[in-house]
Amino acid sequence: MGHLGALLFLLGSLGALADICEIPEVDRKLVERLGQRLLPWMDWLSLDHLNPSIYVGLRLSSVQAGAREAFYLHILKLNYQQSLLGLAINDDNSNNKAKPSMGQLALYLLALRANCEFVGGHKGDRLVSQLKRFLEDEKRAIGPHHKGHPHTSYYQYGLGILALCVHQKRLHDSVVGRLLYAVEHSHRLRHGHLSVDTVAMAGLAFTCLEHSNLNPNQRHRITVAIRTTREKILKAQTPEGHFGNVYSTPLALQLLMNSFMPGAKLGTACLKARAALLASMQDGAFKNVLVISQLLPVLNGKSYVDLISPDCGAPRVLLQPALETTSQTQELISVMLKVPSVLPPYRHPISVSAGSSLEDVLKKARELAGFTYDTQNSLSGPYLTSVMGKEAGAREFWQLLRAPDTPLLQGIADYAPKDGETIELRLVSW
Ligand code: B12
């Protein structure tokens, strides 16, 4: 090859590289610090606090929790089987506990696959049937003309399809068809604005179906839908580089990673997203275990689709528990807490120590009387379900905002308001 030929070849390769989404390795210490945040959560072993996403995240990451990991999976199995199949283990008032939702069952199946297990046997088959039944119910709730909504969300619908797919369980075309339609008419995937997490989850489910060829009659539609999800996510990149927001970027990258989109400048977009993620990690933005569990695989170049054939022998670095450094401060700050959607409207300055979470503010407001609220535990932490006795109804939620009108990107347990801030709790539809 002459000089010109070599130059053209080089330029061509660079062009092709710009079309591939690759995430170069990040500093090992940063990854270990993230992994360490998961460790204390692995000691919470009640059904209410068990989180299969933590297990999946660790198994697809470059770090491990040693013997704790195997024990955690064991407890997950005991609790999920007991609660979903009504099997009695020695204890108590287990009937009073809420059953895992469709999405939680799906994550549990992903956890089994992350340990290289295929769901099987009598108990396993019953769990698969339950998940299929959940999806059939959701399909009916959406309706043949796509006029309705799933009882849970399209996010959980996608998660359910993905979980069955990695176990090579076939779903009827009509079940997959509802999600395909939702992506083809993407206003269905909005929670006020386009939910990048939901689009990414749908894309991951379709990618698994495409790799496994489980719905051959829909192959073409699935391929087009994967491209649509990727394009939508690329379009949602912010000037800083995040896809959607900082917390949807991990799932977005799980979908984009290792993909190839000619002419889309995918490589550049992914490098920019990686830089934005690193900056957010260094700023301490990743406190929440659920989002950490979605980010760790990305930092190891993996996605949920890798659960089709996971590499359970891959070497991973053993995590050491971090030394707790809680800096107690005496400094007090004042936060204005506002609830306009009740009668009479509530508005009160609340004094808490600097660094307190929004949950601490709510607790303090409750102690002062005149304010009440309720939460429900979820895999993302405490979810605010009711305020001043007013419970959010179906397809409603208590939105958290910083005045005048900025929705918070974190929940009540993670968000730490600053001195002088006004926090509004607003009942909205989604
Ligand atoms: C669907 C969804 C919603 C729906 C939930 C209703 C429903 N019926 O599904 C709606 C639109 C209401 C919602 C609300 C909020 N959400 Co939301 N939500 C999601 C999404 C896309 C999927 C959750 C899910 O189904 N998981 C799977 C199931 C199996 O897990 P689960 O724990 O059982 O699911 C429940 C909880 O996730 C809970 N939930 C939903 N969002 C949030 C947020 C927090 C902080 C908590 C504690 C719980 C919670 O609702 C789910 C259904 O019951 C995730 C995306 C993601 N990457 O995880 C974002 C996500 C979890 N939400 C997020 C946020 C910030 C919120 C809000 C705080 C926004 C706001 N400013 O008000 C509120 C919650 C306020 C409150 N009342 O406490 C962030 C959390 C980031 C973080 N740092 O932890 C995520 C990651 C989205 C993002 N990229 O920003 N959400």
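Refer to the preceding data block for the structure.
Residues numbered from 1 in each chain as written. Predicted model: local features only at pLDDT ≥ 70, side-chain atom pairs only at ≥ 80, totals over all residues. Heavy atoms only, no water.

> Help me understand the state of the cysteines, please; the structure alone is not making it clear to me.
Among covalent bonds in proteins, the disulfide is the one between the sulfur atoms of two cysteines. The tally for this structure, following the rule as stated, stands at three disulfides. Across the disulfide from Cys21 sits Cys270; the S-S distance is 2.1 Å. For the disulfide bridge between Cys21 and Cys270, the dihedral angle about the S-S bond is near -110°, and by the sign convention the bridge is left-handed. Within this pair, whereas Cys21 is found in the loop between helix H1 (3-18) and helix H2 (28-38), its partner Cys270 is found in helix H12 (residues 266-282), the two being separated by 249 residues in sequence. Taken individually, Cys21 and Cys270 each receive the classification buried, so the pair is uniform in this respect. Disulfide pairing is shown between Cys116 and Cys312; the S-S distance is 2.0 Å. Given an S-S torsion of about 105°, the disulfide between Cys116 and Cys312 has right-handed geometry. In this pair, Cys116 sits in the loop between helix H5 (102-114) and helix H6 (121-142) while Cys312 sits in the loop between helix H13 (289-299) and strand E4 (317-318), placing the two residues 196 residues apart along the sequence. (Disulfide = S-S within 2.5 Å. Helix = DSSP H or I, 4+ residues; strand = E, 2+ residues; numbered from the N terminus. Buried < 20%, exposed > 50% of the residue type's maximum accessible area, 1.4 Å probe, protein only.)

> When you look at unusual backbone geometry in this model, what are you seeing that I'm missing?
As a rule of thumb, non-glycine residues mostly have phi less than zero, and peptide bonds are mostly trans rather than cis. Between Leu343 and Pro344 the backbone carries a cis peptide bond, its omega angle lying at -10°. Mapped onto the elements, Pro344 comes out in the loop between strand E5 (332-339) and strand E6 (346-353). With an omega of 5°, the peptide bond running from Ala403 to Pro404 counts as cis. Looking at the secondary structure, you find Pro404 in the loop between strand E10 (396-402) and strand E11 (406-407). Notably, His146 is not glycine yet its phi reads approximately 60°, a positive angle. In this fold, His146 is placed in the loop between H6 and helix H7 (154-166). The buried category is assigned to His146, whose relative accessible area is 13%. Notably, Gln168 is not glycine yet its phi reads approximately 60°, a positive angle. Within the secondary structure, Gln168 sits in the loop between H7 and helix H8 (173-184).

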